[in-house]
Amino acid sequence: MPINALILLMMLVLISAAFYVGRSRALRTADRESVSLHSLPNYHGYFVALWTGVPALLLMAAMAMFGPSLTGNVIELRLNQAAAPLIEDFDSRQSEDSLILSAQRTLEASADVNAATQARAALQNRRTAIAENIAASARENGASSLTLAGFEYANLPPERRGLFMNDARALAFNGQPSEITPAIEATASAFRPVDRFVRYGGAALAVLLAMAGLAWSRSRVKAGFRARNRVEAAFMGFLMVCSGIAILTTIGIVASLLFESLRFFEAINWRLDQFLFGTQWSPQTAIRADQVGQTGAFGAVPLFAGTFMITIIAILVAGPIGLFAAIYLSEYAGKRTRKIVKPVMEILAGIPTVVYGFFALLTVGPAIRAAAEFVGFESAVTQSALSAGLVMGVMIIPFVSSLSDDVINAVPQTLRDGAYAMGATKSETVKQVILPAALPGIVGAFLLAISRAVGETMIVVMAAGQGANLTANPLESVTTITVQIVMLLTGDQEFDSAKTLSAFALGLVLFIFTLALNVIALRVVQKYREKYD
Amino acid sequence: MADSGNRASTVYHDAAKTLKGKITLDGVNVFYGPDQAIYNVSMVIPDRSVTAFIGPSGCGKSTILRTINRMNETIDIARTKGSIRIDGEEINSKAVDPVILRARVGMVFQKPNPFPKSIYDNVAYGPRIHGLASAKRDLDGIVETSLKKAGLWDEVADRLDQPGTGLSGGQQQRLVIARAIAVSPEVILMDEPCSALDPIATAKIEELIDELRENYCIVIVTHSMAQAARVSQMTAFFHMGDLVEYGPTEDIFTNPHEPRTQDYITGRFG
Ligand SMILES: Nc1ncnc2c1ncn2[C@@H]1O[C@H](COP(=O)(O)OP(=O)(O)OP(=O)(O)O)[C@@H](O)[C@H]1O
Ligand SMILES: [Mg+2]
């Protein structure tokens, strides 16, 4: 059994033992001194169990998280130590070598590109030669394999060191190294004892900590001890940590969005006006410095316009249909109809958006194109704003209808009774009393649906096309913020070109927009709730 | 219904003879799904007077009240059997449109329920949907007289465009009464109209009821024996869906014939 699992099991035993220790000590104290306990015996038990378990488990978690990097650091240190004489030798030889010195001088002085490249190559060659020379003589003198490995490691370019370590670690722990060299083998065998030490040491420390916690907290159990308050505080702390995690994650995401966006703004020289109001979007930038053209244009207006158009189409579909469905369900439908129709509508919300995407691409798009051609629009395309908007509208119908249904149901029955008692018909009651009363909530429902539509990705990726057209014609293909983010970030990309960074800026805009919508919607809905409570 | 026949209610009509009858209930039974809430109730409710329905909670006061303007129809599972006539005309017949019936029979509820509209629009609501006023001036007149009759005009005359929901509870209840009066009904049904109000607002409403009596047939459900005694001329006592005793308010409170009535008004149950 792996050591950590064993320790965990032991910990469980210890914790439950701690509970009984605390509890029985509390009981005995109460008995002996014939006083009543401040807290129930169970709370004393929980108190001792908490002190036994929490610090030790936290330590174990920390070990699990930081153990590997700790081991790595130790190994690196040992490699450096073992190879220290060789590295020293290498450094001193380098500083005396005439070839290297002259190459360095050329590099510093010369502005000529070709000369610099040549000097750099010469420098590299000479260094490799010296290193090989030192390694060979060390091998002859019977240097340990770890020393040789350390020297090889020190001479690796920094970006290759991580790979070397990973290979050594993989070799040591039944992984799949990408290559096996004597140096890696030597490092791997150094890994094993260190790892064992860190692992067992951590486990022993955890057990010790648990015992210490047990002993200390047990000694605190007295009749008058306020164990309940401590346990309640611990519980509250736990809840706070949980909510904290949610909040911190959100903050982290927003922060990364923000920082990457800042990098993008830097890359476009803070021309925010061009980003927000520019009308040309072609994010392809030059990949090599000598490539001509393709400087990239980051005017996001076509994306905003595309998003806006598709959202408007979607809400034109979902708004009336969802609202009328909600009115029918809450005011007209009998119990039985309601029981069937409502869940069916909610199924609509459960359909994966990819499936809607198929539907838009294979059914709605061609149908719209055929219809457009029939009435004379020859240039109609399959991937159009209209088909994406229509299908997205269908997708958000359940949002509108179920939220509207809720707010309509929240309109007090007494208002309906009042209207009916005045001799209002059903439709008069709906139009003149129920809808005005539910209006703020319905507005909230619409706003939430809009924010959903704005953030929707899959349908538009599949159905709206990718051309960043700035057009008011819903039969043309358009692109949206979300589609562009997908386009910018899929495929092999390095994350430091303006092209990829622009995705984060787009994400930030999207985030701010939907956040604002949500805040307004929630405000509106809340205000409406207060009115009837 | 088999068991509705065996439980004939004892009804005292004597007082109704001196007053002109407005509403006649004849063998009324009401069911909520499989449960019967009202058993074979027959009574004559006089015009231009106040009739109080009293009885312990759940005895069916609201239910019987709501048969008079067919409000029970808004509840899916409710069914009404028997004959109910206003001025001799059967209201349960197919020929009668509940929408028109409810213009003749106004209703005021326990909790004031002004619409989320302005004070003016609240009162104008009925006249508008029933097309009672063609010109804006007529409508203004109806709103003013209704608010005056409801004793609310002086308090709201200068803020008719403000929301009705912004008034105090007592004002709201008078607004709702004004709303009911605005369609010139013949009958006004009130279901515990004062139970959500403080004593002063209650006194105002009671005063109002007393004034309205001159022109309307008023039926009021109340839990307050004192209120029934103060405002009503006739009182009906219900118990478990039966009309136990019905007669002039004085008689019911001073000289009840039925032991159950006696027990209830002396506070022995309910
Ligand atoms: N909507 C309904 N669905 C089913 N049963 C109902 C409904 N409304 C009333 N009832 C039942 O009918 C009976 C009479 O109810 P009702 O509301 O008429 O009593 P009430 O005398 O007005 O009582 P309270 O004084 O508490 O208002 C009760 O048993 C009640 O449970
Ligand atoms: Mg009632």
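Residues numbered from 1 in each chain as written. Chains lettered and ligands numbered in written order. Predicted model: local features only at pLDDT ≥ 70, side-chain atom pairs only at ≥ 80, totals over all residues. Heavy atoms only, no water.

Points about the overall build of chain A
Line of reasoning, step 1. Scanning chain A for helices and strands turns up 19 helices and two strands.
Line of reasoning, step 2. In terms of C-alpha radius of gyration, chain A reaches 35 Å, well past the compact-globule figure of 24 Å for 533 residues.
Line of reasoning, step 3. The principal-axis extent of the C-alpha atoms belonging to chain A is close to 110 × 90 × 40 Å.
Line of reasoning, step 4. Within chain A, the proportion of its 533 residues that are buried is 40%.
Line of reasoning, step 5. For chain A, the accessible surface area stands at approximately 28,800 Å², while carbon and sulfur atoms represent 64% of it. (Helix = DSSP H or I, 4+ residues; strand = E, 2+ residues; numbered from the N terminus. Rg over C-alpha atoms; globule rule 2.2 N^0.38 Å. Buried < 20%, exposed > 50% of the residue type's maximum accessible area, 1.4 Å probe, protein only. Areas by Shrake-Rupley, 256 points an atom, 1.4 Å probe, with all protein chains shown as cover.)

Side note on the overall build of chain B
Line of reasoning, step 1. The secondary structure content of chain B amounts to 12 helices and 10 strands.
Line of reasoning, step 2. For chain B, the C-alpha radius of gyration of 19 Å lies close to 18 Å, the compact-globule estimate for 270 residues.
Line of reasoning, step 3. Projecting the C-alpha coordinates of chain B onto the three principal axes gives extents of approximately 55 × 40 × 35 Å.
Line of reasoning, step 4. Of all 270 residues assigned to chain B, the portion counted as buried reaches 55%.
Line of reasoning, step 5. Relative to all contacts within chain B whose residues are 6 or more apart in sequence, the contacts with residues 24 or more apart total 68%.
Line of reasoning, step 6. Accessible surface for chain B amounts to roughly 11,300 Å². Of this, 50% is attributable to carbon and sulfur atoms.
Line of reasoning, step 7. Positive and negative side-chain charges of chain B, numbering 29 and 34 respectively, have mean locations separated by a distance of 4 Å. (Contact = heavy atoms within 4.5 Å. Lys, Arg positive; Asp, Glu negative; His and termini not counted. Charge placed at Lys NZ, Arg CZ, Asp CG, Glu CD.)

What about the site of ligand 1?
Residue and element names in this part refer to chain B.
Line of reasoning, step 1. The environment of ligand 1 is formed by 13 residues, the closest being Ser 57, Lys 61, Ser 62, Thr 63 and His 223.
Line of reasoning, step 2. Tyr 32 places a polar side-chain atom, nitrogen or oxygen, 3.5 Å from a nitrogen atom of ligand 1.
Line of reasoning, step 3. Here the element with the most residues in the shell around ligand 1 is helix α3 (residues 61–68); it accounts for three residues. (Near = heavy atom within 4 Å. Polar contact = N/O pair within 3.5 Å; in protein donor to acceptor, adjacent residues only side chain to side chain.)

Some thoughts on the pairing of strand β7 (residues 187–191) of chain B
Residues and elements named next belong to chain B.
Line of reasoning, step 1. Burial analysis of β7 places five of its five residues in the buried class, which makes it a mostly covered element.
Line of reasoning, step 2. What you see with β7 is no split at all: Val 187, Leu 189 and Asp 191 on one side and Ile 188 and Met 190 on the other are buried throughout.
Line of reasoning, step 3. Bridge count between strand β6 (residues 105–108) and β7: four bridges; the pairing is parallel. Bridge assignment links Gly 106 to a residue of β7, and that residue is Ile 188.
Line of reasoning, step 4. Pairing analysis gives five bridges linking β7 to strand β8 (residues 217–221), with the strands arranged parallel. If you follow Leu 189 over to β8, its bridge partner there is Val 219.
Line of reasoning, step 5. The handedness of the β7 to β8 crossover, carried by helix α9 (residues 199–212), is right-handed. (Pairing = 2+ DSSP bridges. Right-handed = clockwise from strand over helix to strand, strands pointing away.)

A word on the packing of aromatic side chains
Residues and elements named next belong to chain A.
Line of reasoning, step 1. Taken as a whole and judged by the stated rule, the model has 17 aromatic pairs over all chains.
Line of reasoning, step 2. Judged by centre distance (5.8 Å) and plane angle (80°), the ring pair of Trp 281 and Phe 298 falls under edge-to-face. One end of the pair, Trp 281, is in strand β1 (residues 281–282); the other, Phe 298, is in strand β2 (residues 297–298), and 17 residues separate them in sequence. Taken as a pair, Trp 281 and Phe 298 share a single burial class, namely buried.
Line of reasoning, step 3. Among the aromatic side chains, those forming a connected cluster through ring pairs are Phe 264, Phe 265, Trp 270, Phe 275, Trp 281 and Phe 298. (Phe/Tyr/Trp six-rings, centres within 6.5 Å; stacked < 30°, edge-to-face > 60°.)

Considering the state of the cysteines
Formally, a disulfide is one covalent bond, and it connects the sulfur atom of one cysteine to the sulfur atom of another.
Residue and element names in this part refer to chain B.
Line of reasoning, step 1. One pass over the full model with this rule turns up zero disulfides over all chains.
Line of reasoning, step 2. Free cysteine: Cys 194, not disulfide-bonded; nearest cysteine sulfur from Cys 217 at 18 Å.
Line of reasoning, step 3. Classification of Cys 194 as buried rests on a relative accessible area of 8%. (Disulfide = S-S within 2.5 Å.)

What about the domain arrangement of chain A?
Accessible area lost upon the coming together of the parts is a frequently used measure of interface size.
Line of reasoning, step 1. Looking at the assigned domains, one finds that chain A contains domain 1 (3–221) and domain 2 (310–488).
Line of reasoning, step 2. On a C-alpha basis, the centroid separation for the pair domain 1 of chain A and domain 2 of chain A is 56 Å. (Domains from an automatic or database assignment.)

Comments concerning the interface of chain B and chain A
Line of reasoning, step 1. With 21 residues of chain B at the contact, the number on the chain A side is 17 residues.
Line of reasoning, step 2. When chain B packs against chain A, the two sides together hide about 1,700 Å² of surface, and 64% of this comes from carbon and sulfur.
Line of reasoning, step 3. Three residues stand out in chain B for area buried against chain A, namely B:Pro116, B:Tyr125 and B:Ile129, and they jointly supply 29% of the buried area on that side.
Line of reasoning, step 4. Viewed at the interface, chain A and chain B are joined by zero salt bridges.
Line of reasoning, step 5. Our count for the chain B to chain A interface comes out at four residue pairs in polar contact (both at pLDDT 80 or more).
Line of reasoning, step 6. Breaking the side of chain B that touches chain A down by element, the ones donating at least two residues are α4 (98–104), β6, α5 (119–129) and α8 (169–181) of chain B. (Buried area = accessible area lost by both parts, 1.4 Å probe. Salt bridge = Lys/Arg side-chain N within 4 Å of Asp/Glu carboxyl O.)

Things to note about the sheet that holds β8(B)
Residues and elements named next belong to chain B.
Line of reasoning, step 1. Overall, mixed pairing links the six strands, which are arranged β6-β7-β8-β3-β9-β10 in an open sheet. For this open sheet the edge positions go to β6 and β10 (242–248), each flanked by a neighbour on one side alone. Strand-to-strand, the axes of this sheet are offset by a mean angle of 15°, without reference to chain direction.
Line of reasoning, step 2. Packing of α3 onto the sheet brings it into contact with β3 (50–54), β6, β7, β8 and β9 (234–239), and relative to β7 it is tilted by some 155°. (Axes fitted to C-alpha atoms, helices over the stretch in contact; angles between N-to-C directions.)

Here we look at the pairing of β9(B)
Residue and element names in this part refer to chain B.
Line of reasoning, step 1. By the criterion of burial, β9 is predominantly enclosed, with six of the six residues buried.
Line of reasoning, step 2. Along β9, one buried face is formed by Met 234, Ala 236 and Phe 238 and the opposite face, lined by Thr 235, Phe 237 and His 239, is buried too.
Line of reasoning, step 3. Across six bridges, β9 lies against β10 in antiparallel orientation. Across the sheet, Met 234 pairs through a bridge with Pro 248, a residue of β10.
Line of reasoning, step 4. Count of turn residues in the β9/β10 antiparallel hairpin: two residues, of which Met 240 carries a positive phi of about 50°.

Describing the sheet that holds strand β5 (residues 89–90) of chain B
Residues and elements named next belong to chain B.
Line of reasoning, step 1. The strand order across the open sheet built from four strands is β2-β1-β4-β5, with neighbouring strands paired in antiparallel fashion. The outermost strands of the open sheet, each flanked by one partner alone, are β2 (35–46) and β5.
Line of reasoning, step 2. As paired strands, strand β1 (residues 21–32) and strand β4 (residues 78–86) are joined by eight bridges and run antiparallel to one another. Across the sheet, Leu 25 pairs through a bridge with Ile 84, a residue of β4.
Line of reasoning, step 3. Those strands touched by α3 are β1, β2 and β4, and its axis lies near 120° from that of β1.

Some remarks on the nonpolar core
A general trend in soluble globular proteins is that nonpolar side chains are found buried together.
Line of reasoning, step 1. In terms of nonpolar packing, the biggest core is built from 59 residues, with A:Phe264, A:Phe275, A:Trp281, A:Ile310, A:Met392, A:Ile396 and A:Leu506 touching the most fellow members.
Line of reasoning, step 2. When residues of this core are traced back to their parent elements, those giving at least two are α9 (227–267), α11 (301–332), α13 (353–374), α14 (385–410), α16 (426–455), α17 (458–463), α18 (481–489) and α19 (498–532) of chain A.
Line of reasoning, step 3. Formed by 43 residues, the second largest nonpolar core is a distinct cluster that contains B:Ala124, B:Leu147, B:Ala150 and B:Ile181. (Core = buried A, V, L, I, M, F, W, Y, C linked by side-chain atoms within 4.5 Å.)

Looking at the packing of α11(A) against helix α12 (residues 335–350) of chain A
Residues and elements named next belong to chain A.
Line of reasoning, step 1. At a minimum axis distance of 10 Å, the contact between α11 and α12 shows a crossing angle of 150°. As summarised for this structure, α11 and α12 are arranged roughly antiparallel, according to the angle between their axes. For the pair α11 and α12, the sense of crossing is left-handed. Between α11 and α12, the contacting residues are Ala 325, Tyr 328, Leu 329 and Ser 330 on the first element and Thr 337, Arg 338, Val 341, Lys 342 and Met 345 on the second. (Parallel < 35°, antiparallel > 145°, perpendicular 65-115°, else oblique. Left-handed = near helix turned anticlockwise from the far one by under 90°.)

Comments concerning a nonpolar patch on the surface
All names here are of chain A.
Line of reasoning, step 1. A cluster of nonpolar residues, Val 354, Val 355, Phe 358, Phe 359, Leu 362 and Met 458, forms a patch on the protein surface that exposes about 520 Å² of accessible area.
Line of reasoning, step 2. Examining the composition of the nonpolar patch, we find that five residues originate from one element, α13, more than from any other.
Line of reasoning, step 3. Inspection of the secondary structure assignment puts Val 354 in helix α13. (Patch = residues over 30% accessible without salt bridge, like charges linked within 9 Å, V, L, I, M, F, W, Y side chains within 5 Å.)

Focus on the side chain of A:Ser502
Residues and elements named next belong to chain A.
Line of reasoning, step 1. Take Ser 502: it is sitting in helix α19.
Line of reasoning, step 2. Here Ser 502 falls in the buried class, since its relative accessible area comes to 0%.
Line of reasoning, step 3. From its side chain, Ser 502 meets the backbone oxygen of Lys 499 in a polar contact 2.6 Å long.
Line of reasoning, step 4. Sequence-distant contacts of Ser 502, that is, excluding residues within four places in its chain, are made with Phe 264, Trp 281, Phe 298 and Leu 488.

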